[in-house]
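Here is what each chain is made of, one letter per residue.
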Amino acid sequence: MMKHTTRLIILYFAGAGLVGHLMLFTLYIAKPEIVKKGYTLATDKIKKHIPFLSQLSGHHILVEKTLEEEIAENFPTWSFINNPELPLLGIQINDQLYSSLKEAAQALKDGDTLIIGEGLYQEPLVIKANNITVIGNGHVILESTEAEGKGAIITKGSNTRIVNIECRNIQVRDKNGSCVRHEGINLTLQNVYFHNSEQGLLTGSKPGIVEINDSRFEQLGKNGQAHGVYIGGGQLKINNSLFIAAKSEGHEIKSRAELTQINNSIIASFSSLDSRLIDIPDGGVLEIKNSVLEQGPTSENGDMIGYALEKSRHSINKIQLINNIFILERNAGNTLLHQKNSLTDTDIRNNIIIASQQPELSGFNLFFKTREEAGLEPYPLLPQKISTKE
């Protein structure tokens, strides 16, 4: 009786194993990306809980400093602007003083310039008029405030420009509190410093053209749903800016725009618990040039860049990665570019890539296994300047 029962048990598990393998094989043939994703997730979880295995898979980064120390070692404190031709104190529109941001916002007419003098403001700003410029003069901080359950600054009009504003500690009930919630058409951010909030910038699905210049986004994100920057559509153009250490599994940049351009910028996670550096979930045109991208040892996601992993809804789909430095040093493994459709038109060249495993990329690129081989300083130091030759 015992032998018969033992045979039945062996036959059962053998049959179950065969059926399971057949099902897995069938799924791989039909949906290989699902199997690959599952394998990557399982491998990452194992390596995360058994650090020794991470060391076997490649160069292992030992984190010896706090995240704040890593950031401070690479970048000076944010530089605000003092314009001697503008009033340093008070809130003004056309030489008219106002007692609060709310009062000033209600007085704004199309084409006005709102000047915010130096100080700490714990009240939100809702902009409804068109062609408005908001200028902070001196060290202007918006802190721990929100309007409409959305964010510190809400833009509802067209062609808004925001200059020289620091924003921090923004939280809302929906856990996507933003320094700027853009609901209008066309937005320019110039020399802003958004940090330690649930989200830096969040837009609707038709934001027009969003430009970010000479700005800094740092330690932003919430529960993988809020990010440093989240663009719902339109176009995103970034130049000479920093996107540093997203937190709580947020992306440094998430863009559903038809065109996402990033030039002369640094996007780095260091030892933060971020997700992808750049997520382009709907496809479109992605251009990254003359920039430094570093995915650090503790990032939660193995992808440095994700492309069209949710859907492909744009008529033109193209990837250009030219003249960048990519540093992939996640201890549990890295993928430089994870794209759903391998047939997407790509132009990937003149990049320096530091990774323990050489990625499969078209075009001429220089590959090094370690920073030392590439002549770069050790972690967490980043190269600050690269050539602009294409």
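Because the structure is a prediction, the values reported are computed rather than measured. (Residues numbered from 1 in each chain as written. Predicted model: local features only at pLDDT ≥ 70, side-chain atom pairs only at ≥ 80, totals over all residues. Heavy atoms only, no water.)

**Q** Please give an account of the overall build of the protein that cites residues and values.
**A** Across its full length, the protein carries six helices and 32 strands. Contacts in the protein between residues at least 24 apart in sequence constitute 66% of all its contacts with a sequence separation of at least 6. For the protein, the exposed area adds up to about 18,900 Å²; of that, 54% sits on carbon and sulfur atoms. (Helix = DSSP H or I, 4+ residues; strand = E, 2+ residues; numbered from the N terminus. Contact = heavy atoms within 4.5 Å. Areas by Shrake-Rupley, 256 points an atom, 1.4 Å probe, with all protein chains shown as cover.)

**Q** Explain the side chain of Glu-70 to me, using residue names and the numbers behind them.
**A** Here Glu-70 is to be found in helix α4 (residues 67–74). Notably, Glu-70 is buried but unbridged: the nearest opposite-charge side chain belongs to Lys-65, and the N-O separation is 8.0 Å. Residues contacting Glu-70, with those up to four places away along its chain left out, are Val-63, Lys-65, Phe-270, Ser-271, Tyr-379 and Pro-380. (Buried < 20%, exposed > 50% of the residue type's maximum accessible area, 1.4 Å probe, protein only. Lys, Arg positive; Asp, Glu negative; His and termini not counted. Salt bridge = Lys/Arg side-chain N within 4 Å of Asp/Glu carboxyl O.)

**Q** How would you explain α4 if you had to name every residue and give the values?
**A** The set of residues buried in α4 consists of Leu-67, Glu-70, Ile-71 and Asn-74. Angularly, the buried residues of α4 cover 95° about the axis, an arc narrow enough to put them on a single face. Considering only its buried residues, α4 is in contact with β16 (216–218) and β19 (242–244). (Arc of directions from axis to C-beta.)

**Q** Describe the confidence of the model for the protein, listing the residues and the values that go with them.
**A** When the pLDDT values of the protein are averaged, the result is 89; 83% of them are 70 or greater. The low-confidence segment residues 32–37 (pLDDT under 50) makes six contacts with residues lying over four places distant or belonging to another chain. Low confidence marks residues 46–57, where pLDDT is under 50. Its contacts with residues over four positions away, or in another chain, come to 14 contacts. (pLDDT = per-residue confidence, 0-100.)

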